[in-house]
Amino acid sequence: MDPDQAVGFQFHPTDEQLIHHYLNLKNLGFDDRVTNIGEIEICNFEPWQLPERAVTPTNDYTWYFFTRPDYRYTNSRRANRITNGGYWKVIGKARKIVDGNNDEIGTKKTLVFLQGNVPKGVKTNWVIHEYHSNMNNSDQRDFVLCRLKKKPGGHFDDAIDEEGQPIQHNVAQQIDPQLHGDNLESQ
């Protein structure tokens, strides 16, 4: 499939498009219809090594991959997300993805990459949104779709809350805390 004609790639695919048009087709074995998103073992690489392995090049610090979850135990759905130089940590709760009919079609988890060993890793500016389909078919394969993002400069230390949502900073409060009653001398 020509990446210029791929569903959603001209403006960024929506969560619904990622589940319906890409992840479900991949899980059903229609690899020839999702060739613009490559398959890779995410944890075999550090996040900064992944962009050069993306099938569809981009200039906006966002890349897409299919990967098979690496479960820690055969009877468990707990994923192993450790690389040689760090680990991917789930932050917040999995969020439901719904289609146009308001039916739940999947979930999205947010993970941040921490360099170093568990539990003393240092947060970086690399984030993955991991998409899981709710499609139930006994013949389907087990893939997740990952949207890798790099925030230019800085770290994500304060950029994502416990729910995995971006934090909106109050710029006026950062410039002059006294405007918002944060004057410690008056307390």
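Since the model is a prediction, treat every value here as computed from it, not as a measurement. (Residues numbered from 1 in each chain as written. Predicted model: local features only at pLDDT ≥ 70, side-chain atom pairs only at ≥ 80, totals over all residues. Heavy atoms only, no water.)

A. Main features of the packing of aromatic side chains. Counting across every chain of the model gives 4 aromatic pairs. In textbook terms, an aromatic cluster arises when at least three aromatic residues are bridged by ring pairs, as seen for Trp48, Trp88 and Phe113. Sitting above the plane of the Phe143 ring, Lys26 keeps its charged end 4.9 Å from the centroid. Stacked on the ring of Phe30, the Lys or Arg Arg33 has its end atom at 5.6 Å from the ring centre. (Phe/Tyr/Trp six-rings, centres within 6.5 Å; stacked < 30°, edge-to-face > 60°. Lys NZ or Arg CZ within 6 Å of the ring centre and 35° of its normal.)

B. Unusual backbone geometry, seen in detail. Cis geometry is found at the peptide bond from Val118 to Pro119, where omega equals 0°. For Tyr61, which is not glycine, the phi torsion reads 60° and is therefore positive. Tracing the backbone through its elements, the reader meets Tyr61 in the loop between β1 (38-39) and β2 (62-67). In this structure Tyr61 comes out as partly exposed when scored by relative accessible area, which is 38%. Its identity is not glycine, yet Asn102 carries a phi of approximately 65°, on the positive side. With respect to the helices and strands, Asn102 occurs in the loop between β3 (86-98) and β4 (104-115). (Helix = DSSP H or I, 4+ residues; strand = E, 2+ residues; numbered from the N terminus. Buried < 20%, exposed > 50% of the residue type's maximum accessible area, 1.4 Å probe, protein only.)

C. The side chain of Asn24, seen in detail. Tracing the backbone through its elements, the reader meets Asn24 in helix α1 (residues 15-27). At 2.5 Å, the side chain of Asn24 and the side chain of Ser133 are in polar contact. (Polar contact = N/O pair within 3.5 Å; in protein donor to acceptor, adjacent residues only side chain to side chain.)

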